[in-house]
Amino acid sequence: MPYRGFVAVWAVAVVLVAAGQALCAKSHADMADAGPAKPPLPAIETLQLEPASLTLSNIRDGRQVLVWGVSADGRKFDLTDDAEIKSESPCVTISKDRYVYPVSVGDGIVSVTAAGKEAKLPVKVAGADDAKVRFVRDVEPVLAQVGCNAGTCHGAAKGKNGFKLSLRGYDPEFDYAVLVQELQGRRVNRVKPEMSLMLLKPTGAVPHEGKTLFHPGSRPYQLIYQWVKEGANYEPDPSHARPDKLEVLPADVKLDLPGRTQQLTVIAHYPDGASRDVTREAILSSNSIEVAKITGNRITALRRGEAAILIRYEGNYSAVNVSVMGDRSGYVFAPMPEYNYIDKHINAKVAKQQELASDECSDDEFLRRVTLDLTGIIPTAAQARAFADDKSPSQEKRHKLVEQLIGSPEYVAFWSNRWADLLQCNSKTLGDKGVWLFREWIRQSVATNKPYDQFVHELIVAQGNERNNPAVNYYRTLRETGKITEDVSQTFLGVRFNCNKCHDHPFERWTQDQYYEFGAFFARVSFKGGARPGEEVVFTSYNGGEVTHPRNGKVMPALVPYGQEPDVEHARTRQEAFASWLTSDKNPLFARSYVNRLWSYFYGRGIIEPVDDIRASNPPVNPELLDALTQDFIDHHFDVQYMMRTIVASRTYQLSVKPNRWNEDDKINFSHAIPRRLSAEQLRDAVSIATGTREEAQGLPAGMRSVYMADGLVDDDFLKLFGRPKRETACECERTSNVSLAHALNLVNGPIINNAVDAADSSITRLVAAEKDNRKVIEEIYLAVLSRLPNDAEVAGVDLGTGPQRLEVAQDLSWALLNSPAFLFNR
Amino acid sequence: MLSIPGRPGATCDGMSRRELMRVGGAGLLGLSLSQLLTAEARGQDAPAGKKRDGFGGAKNFIFVFLQGGPSHLDIWDPKPDAPDNIRGDFKVLPTKIPGVNVTEVMPNLAKVLDKTTLIRSVSYTPAGLFNHTAAIYQMMTGYTPDKVSPSGQLEPPNRADYPHMGSQLARLMPPKEPMLPFVMLPRPLQESNVIGKGGTAGFLGAAYDPYYMFQDPNDKVSTVDLSLRSEVNQGRMERRASLLQKVDAAMPDIEKAVSDYALDTYDRKALELILSGRARKAFNLEEEPKELRDKYGRHTFGQSLLLARRLIEAGSRVVQVNWPAVANGNPTVDAWDTHADNFGPLKNLHCPKLDSGLPALIEDLDSRGMLKDTIVLAIGEFGRSPKMGVSTSGNTNSAKGRDHWPYCYTGLMAGGGIARGAVYGKSDKTGSSPAENPVHPTELLATVYHALGVDPTTLVNNHLGQPRELVQAKPVISLFG
């Protein structure tokens, strides 16, 4: 058995490689604290193995087994680190790094002992033949794992020191040519494999700027050595050489205390049905080094919270959610009442994290919140009073309110504004006329509650002039194929294709080829002058217009990145073929990305966040909830208003911002409401409503509310300062909602609040003149600004006095309330 | 090593709005005013004097950030003997330092070099692709971003970011009088669609974010937000402030829920600023003689530099002037990112502005005696490729364009103890790599901290309570005169 020694030395590599990897990309993560000590284990009753049995198919097919200890109360602990693993049969052997390897065909048993308990693992060796080392399947993963082709090393755009590999191995043909043919073939030496530069450099036998990455005899060394020795051939079967799916065990990780560890097993599945344990070559990273760190395949819990472990192997991506509980003694779960299915999924997640949902918000809080979320404005004092006076049961009147708001003119203006942002309605690209026409098309779509799939379909297939078919303004804004590719994918699929313009997407399966194949659907979108001066027509050029790949100049076919290829041959235009694929209810990202986005508008963050960066390595915090919302949206034929009703009817939406002891550190699970600073437009409009004044903006009619401004480029200092987007990108991040000194100065002393408060014709002036009762004046100001009545202490805190001073103090009170967080935030 | 424990979530001085207003009732705002009347003195510690190693020689910092990556070869490190595809179009020009040349498009700079130190060996090897955002982030914070997208440009700022150096200084060396501690002109940092990356207080919290101007100082600057309004006198402003305190106190849950935004702290600072009038006055460039304004140059960059000087005079600790244009590769815009065309734009657009503003600032500071305790750093996030028409960053470059080049470029420092009339470091024949004394950008930051009397290895706790050095680099002591 010549391979036995070979197998054994592989074990060393795990440690060496982990150390070597840090050299090329030392990050601040390395500076993180050593981590907490391992907490004691409770008494273990039984052992469980995962997988529960193994089938091995050839001499290279080594597999890891995870060892679980189960405590009396059913909790599971990873004992893999400490388990003793022994082969009890001659057909199976255990390597030093404790992988199970075949020796000869047959059935065998491996015994596992840990925490004083024992378990047996049946192993079937179906084949124990020699297997040649293959370039794409075996060698490329090693180059990726030790970091040769990382962006910081030879995978950089220009390579390093005259040696370039494709970034993370996205172009194996290129890599093979570079390794075998360049540099007079010195990188591989088939006669004396150990003299190959490919081995001399990374072992430091000759000077290497990237330092020593592995040592002779290590697993990467042996693999490369063997490959060179066998002739350094290219892949015999390139189409099946890379996996199409990763499986990670366990699929979900829950750790009780900081210091607890958990090993992962990564299994790659190939198109021909084969599978391999690739744990040692897979690249794992933690998206939150504050909560959990990862060393090799081992997760260590650092502090309470949630993290995702991202797993990357040969262009495949997966993620595992990790929950670290921390000390929760005294916790008892109590579900919140479930108004609809949303609450069921939130309850499940909250229970899993050992949190408790906050209490329900009050009626006045709901009134203000839902009015802002559905219509972008605050209720008037009269509306607030009427809502307070309505004595029907709370849920009944809340429901009634929602029905009044959805579809109202304010609702239409507000949601049209959102779409005008995303579709980048600005005069720079569309001209003044185009802006108003496009905005009006959006407005009508929102007003008629046009099904979302139809809305998007119309945008994608749009042709004609901006007057007859204003939807063409979307293409007029985007103009060129690359921008169309990137914005359509980001807006309607929630994925960022701009990464794979220059190379394969490094955090998702998207390839560079797919970018250009996607673009090919839009290659024939063309522009020409119309009949009237300044008019522009969008049309489809039927005689040509192709996308070529920048790497090889090849004309790219119009192909979708996943799912059923649309019928380009029989469609009138490529855009039509694309639109039918895009807006199909079979498209797994179309409905999903929109419900996630919609959710974020009501909660301040998406279930996947950022909402337009969906990828396997950015998992949802509550996948079941997102699945349920997606299905509901599809089942209701992309009815956006229905989804809004569902969302605001949930108890989850109606939770208070006030946390309790058990959810005060929650920022992602929606167990309490998160205050959101009012947007620029909301703030400007709210000040005007609360003070009964008319807004003024340059070049626009007096009294026009901000939400109606059709153009992203309206020149208004306040709106700019408070983050109204210029509508130049498809990214939600273009709108900002922070607070800084400049904001405070503007609010405290700037014209928007102060002019309104001090205006001679404000509602405050009228109120003070008409109302002699000081208490009533104070009540009315509270209702106008905060949509609620003041309590007795609040009334007592303001002395309006008598005479002309009454107006001044009333104005000052209004100023103070307008500057309070209760006004500035949606809460 | 000095350790300063951070207080996540707390305001800068631990004062809540409520406490502030309580003091305010007893005349906090009045106190600020009376303080102001006698505060012609800077209110800072007595000048530390020039120490031998330059520690503590400076009190203030002006950061002239030439965002986009100016071509070192075509500005201040000419290579007249290099091959055609490297040399460039400009002739050399002797300067006040014998034997040291700049290019012909920088005649004014040539005349003030005797007051400055040119560092011709700034160099680093970037982690990952070298695009602007990551490079800017490093230049501003001293750290490389943990999570930068592969294009290096897509991650918006967040509260886990490392703080901008100015924010660190605003916290460690707050101005003694009511003044904006850290101002960024004429706009926040921006690259592609990402606004503010590297230009925020990051984990120090929103309270230490810079004051962004959002206006063009070459235009009429509006300071309405910095002046007391005519209808609201001081007494009435106090009444408003105390009412605000009362109404907020009645809603503690909401105050707590939004505490991350530090609205309290901002409101307090805003009130102080308005009542003192100091900032408003500083922003009024009309007070400057016309000739001086002309000398700085009647453009956004020049007037921003003049404003920087006024703000420092009024008590700001750090002022950063960002090069106004950020457009990428557009040869009709004066952005330093000259992929498309290097020479025409540099000669006609960029350099006339740089060459009026920067030398005017140096001279002006010097003639006022301010250069003694004000340290000036002018630099980009990288230089440009010595070879023309090649791609080093993956971007397309025209035959007359230059791509990003972090391996060797030039920065200028002056004041605060920095040597006068010196050149530090040397580039090789083609300006491709340092021939001697390479300086990492983080070492320049360390040098500035050092000059300001702050140990660069001072630990500041991040949002998770983990200690982090201001910058992981040593000061370059040889830069001090």
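Residues numbered from 1 in each chain as written. Chains lettered and ligands numbered in written order. Predicted model: local features only at pLDDT ≥ 70, side-chain atom pairs only at ≥ 80, totals over all residues.

S.K.: Go over the packing of helix H10 (residues 409–422) of chain A against helix H11 (residues 427–447) of chain A with me, naming the residues and quoting the values.
M.R.: Residue and element names in this part refer to chain A. Packing of H10 against H11 brings their axes to within 9 Å, and their N-to-C directions diverge by 125°. Of the possible angle classes, the one that applies to H10 and H11 is oblique. The way H10 lies across H11 gives a crossing that is right-handed. Residues Val412, Trp415, Ser416, Trp419 and Ala420 of H10 touch H11, and the partners they reach there are Arg439, Ile442, Arg443, Val446 and Ala447. Per-class residue counts for the contact of H10 with H11 are 7 nonpolar, 1 polar and 2 charged. (Axes fitted to C-alpha atoms, helices over the stretch in contact; angles between N-to-C directions. Helix = DSSP H or I, 4+ residues; strand = E, 2+ residues; numbered from the N terminus. Parallel < 35°, antiparallel > 145°, perpendicular 65-115°, else oblique. Left-handed = near helix turned anticlockwise from the far one by under 90°. Contact = placed C-beta atoms within 7 Å. Nonpolar A, V, L, I, M, F, W, Y, C, P; charged D, E, K, R; others polar.)

S.K.: Give a description of the domain arrangement of chain A that names residues and reports values.
M.R.: Each assigned domain of chain A is listed with its residue range as follows: domain 1 (3–29 + 133–235), domain 2 (44–132) and domain 3 (412–582). Taking the mean C-alpha position of each, domain 2 of chain A and domain 3 of chain A sit 53 Å from one another. (Domains from an automatic or database assignment.)

S.K.: Outline the packing of helix H12 (residues 452–461) of chain A against helix H16 (residues 574–582) of chain A, supporting the account with residue identities and numerical values.
M.R.: All names here are of chain A. Close contact between H12 and H16 brings their axes to 9 Å; oriented N to C, the two are set at 160°. Regarding the angle of H12 to H16, the classification is roughly antiparallel. Our pair here, H12 against H16, has a crossing hand that is right-handed. Contacts between H12 and H16 involve Val456, His457, Ile460 and Val461 from the former and Gln575, Glu576, Phe578, Ala579 and Leu582 from the latter. When grouped by side-chain class, the residues that make up the contact of H12 with H16 number 6 nonpolar, 2 polar and 1 charged.

S.K.: Before we move on, can you summarise the nonpolar core with the specific residues and values?
M.R.: With 272 residues, the main nonpolar core has Ile781(A), Leu817(A), Val64(B) and Leu377(B) as its most contacted residues. Ile781(A) has contacts with Ile764(A), Ala810(A), Leu813(A), Ser814(A) and Leu817(A), leaving out every residue within four places of it along the chain. (Core = buried A, V, L, I, M, F, W, Y, C linked by C-beta atoms within 7 Å. Buried ≥ 20, exposed ≤ 12 C-beta atoms within 10 Å, placed from the backbone.)

S.K.: Which residues make up the environment of Leu292(B), and what values go with them?
M.R.: Within the secondary structure, Leu292(B) is located in helix H11 (residues 290–296). Note on Leu292(B): 14 C-beta atoms within 10 Å, which makes it partly exposed.

S.K.: Residue-level account of the interface of chain B and chain A, with values.
M.R.: Taken residue by residue, the interface counts 52 residues in chain B and 54 residues in chain A. The residue inventory of the side of chain B that touches chain A, partitioned by class, reads 30 nonpolar, 8 polar and 14 charged.

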